[in-house]
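Chains, contacts and geometry: an overview
This is what each chain is made of:
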Amino acid sequence: MNESFVKSPDVQLLLDRVAGLESHDGNARLKRIVRDLMESIMIVIARHDVSEDEVWNAVSFLQNGVGEFGLLMPGIGLEHFLDLVMDAKDAEAGRGGGTPRTIEGPLYVENAPLVSNDANLTSDPDDTDTLYMTGRVRGPDGEPVENAILHVWHANSKGFYSHFDPTGEQTPFNNRRRIKLGADGRYAFQSKMPNGYSVPPGGASDQLMKALGRHGNRPAHVHFFIEAPGYRQLTTQINFGDDPFAKDDFAFGTREGLLPVPNRQGDSAHIAFDFELQRSRSESDQVFSSRERLSVA
Ligand code: MBD
Ligand code: FE
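Residues numbered from 1 in each chain as written. Chains lettered and ligands numbered in written order. Predicted model: local features only at pLDDT ≥ 70, side-chain atom pairs only at ≥ 80, totals over all residues. Heavy atoms only, no water.

1. Concerning the layout of surface pockets
Roughly 1000 Å³ of internal volume is contained in the largest pocket. Lining the largest pocket are 37 residues, and of these Asp-83, Met-86, Arg-101, Gln-233 and Thr-235 lie nearest its centre. Those elements that place two or more of their residues in the lining of the largest pocket are α4 (69-75), α5 (78-92) and β9 (234-239). For the lining of the largest pocket, the element with the most residues is α5, which contributes 9 residues. Broken down by class, the residue content of the lining of the largest pocket amounts to 12 nonpolar, 11 polar and 14 charged. Counted as a void, the second largest pocket has a volume near 740 Å³. For the lining of the second largest pocket, the secondary structure elements donating two or more residues are α2 (28-47), α3 (52-64), α4 and α6 (204-211). Here the element with the most residues in the lining of the second largest pocket is α3; it accounts for 6 residues. (1 Å grid on protein atoms, 1.4 Å probe; cavity = no way out; pocket = protein on both sides within 12 Å on 5 of 7 lines; lining within 4 Å. Points joined across faces, edges and corners; volume = space filled by probe spheres on them. Helix = DSSP H or I, 4+ residues; strand = E, 2+ residues; numbered from the N terminus. Nonpolar A, V, L, I, M, F, W, Y, C, P; charged D, E, K, R; others polar.)

See below:
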């Protein structure tokens, strides 16, 4: 088997029909994308002589792993790839600068409690150090960003997120808050030190990582969305620079400039971290992507 097989008239006609090219109905852009996507899959099958059994095994893998698609996306590098695409488009448009974006991941929950500054994010007891985070949200000229909302979410000391905790032990929105900032752009919160995340043992992501000779670990980290009138929405996270997985993140979410080392003293740790936002260029760049997220009343 050779991949030129995919270019044979029979297969090319099949692809035209699959993509609905014989019909005037449907979405023209989707037709082009589906045609290329299916052709790409067929090329892989032909190039690697993928067997019928292997194809159906892959289908079963996806069917059984459907609940982990949000986790497979970072694991297979596609979520980070989307960041690289957005970075490249920004560079083309002359829009660099500011705190780097990095992946959202699958574990954000909408409607976390909206609180004022100096918040405590943690509702539940947790046998781990206290984390203090402080800093400023500024614009490109160093000006304070006024009236920002800082969304923060992170894992507990077991690496579990509220609303996604297999032990069922966390109360809703533990380690999740939306913090209303003022005119000075300063933020401060305390929380409980998270530990790194690991993919659920035995799940689809774990199976895939093992089959690839990889692991499914992330360094300890804290996620952020920042939104503020007149500024571009930012999705980012800080990963602890002294974590063993700081440079070996299965999700490819760690980036230079986002790896502060916590200042650990006794049973507390402090991270000072400033955010720099880009100015908004349109209404649409101030708001979140339309990705579907878990929403709890
Ligand atoms: C996480 O906590 C995370 O941030 C990502 C990107 C993937 C899995 C778990
Ligand atoms: Fe995370």
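2. Some remarks on the coordination of the iron ion (ligand 2)
Protein coordination at the iron ion (ligand 2) comes from Tyr-161 (OH), His-221 (NE2) and His-223 (NE2), with a distance range of 1.9 to 2.0 Å. Counting residues between consecutive donors of the iron ion (ligand 2) along the chain gives the motif Y-x59-H-x1-H. In this pair, Tyr-161 is assigned in the loop between β5 (149-154) and β6 (176-180) and His-221 in strand β8 (residues 221-227), connecting sequence segments 60 residues apart. Looking at His-221, the relative accessible area reads 3%, which means it is buried. (Donors = N, O, S within 2.8 Å, 3.2 Å for Na, K, Ca; no water. Buried < 20%, exposed > 50% of the residue type's maximum accessible area, 1.4 Å probe, protein only.)

3. Concerning the site of ligand 1
The environment of ligand 1 is made up of Leu-71, Pro-74, Ile-103, Gly-105, Pro-106, Leu-107, Tyr-161, Tyr-197, Arg-218, His-221, His-223 and Ala-251. Here an oxygen atom of ligand 1 and a side-chain polar atom of His-221 are 3.1 Å apart. Relative to its unbound accessible surface of 260 Å², ligand 1 loses 100% to contact with the protein. Of the pockets mapped on this structure, ligand 1 occupies the largest cavity. Secondary structure elements with two or more residues in the shell around ligand 1: α4 and β8. (Near = heavy atom within 4 Å. Polar contact = N/O pair within 3.5 Å; in protein donor to acceptor, adjacent residues only side chain to side chain. Areas by Shrake-Rupley, 256 points an atom, 1.4 Å probe, with all protein chains shown as cover. Sits in = over half its atoms within 2 Å of the grid points.)

4. Notes on the packing of helix α1 (residues 9-18) against α2
Interhelical geometry of α1 versus α2 gives an angle of 140° and a closest axis separation of 9 Å. Regarding the angle of α1 to α2, the classification is oblique. Judged by the sense of rotation from one axis to the other, the crossing of α1 with α2 is right-handed. Contacts between α1 and α2 pair Val-11, Gln-12, Leu-14, Leu-15, Asp-16 and Val-18 from the former with Val-34, Arg-35, Met-38, Glu-39 and Met-42 from the latter. Per-class residue counts for the contact of α1 with α2 are 7 nonpolar, 1 polar and 3 charged. (Axes fitted to C-alpha atoms, helices over the stretch in contact; angles between N-to-C directions. Parallel < 35°, antiparallel > 145°, perpendicular 65-115°, else oblique. Left-handed = near helix turned anticlockwise from the far one by under 90°. Contact = heavy atoms within 4.5 Å.)

5. Considerations on empty space enclosed by the protein
Gaps left between atoms are located by rolling a probe of water-molecule size over the structure's atoms. Applying the stated rule across the entire model yields 2 cavities of 30 Å³ or more. Forming the walls of the largest cavity are 13 residues, and the residues nearest its centre are Gly-105, Pro-106, Leu-107, Arg-218 and His-221. Put simply, the parts of the chain that give the lining of the largest cavity at least two residues each are α4 and β8. Size it by volume and the second largest cavity reaches roughly 40 Å³. The wall of the second largest cavity is formed by Tyr-108, Val-109, Ala-112, His-151, Val-152, Trp-153, Arg-176, Arg-177 and Arg-178. Mapped onto the lining of the second largest cavity, the elements with two or more residues apiece are β5 and β6.

6. Here's the deal with a negative patch on the surface
On the surface, Asp-49, Glu-52, Asp-53 and Glu-54 cluster together into a patch of negative charge. Mapping Asp-49 onto the fold places it in the loop between α2 and α3. (Patch = residues over 30% accessible without salt bridge, like charges linked within 9 Å, V, L, I, M, F, W, Y side chains within 5 Å. Salt bridge = Lys/Arg side-chain N within 4 Å of Asp/Glu carboxyl O. Lys, Arg positive; Asp, Glu negative; His and termini not counted. Charge placed at Lys NZ, Arg CZ, Asp CG, Glu CD.)

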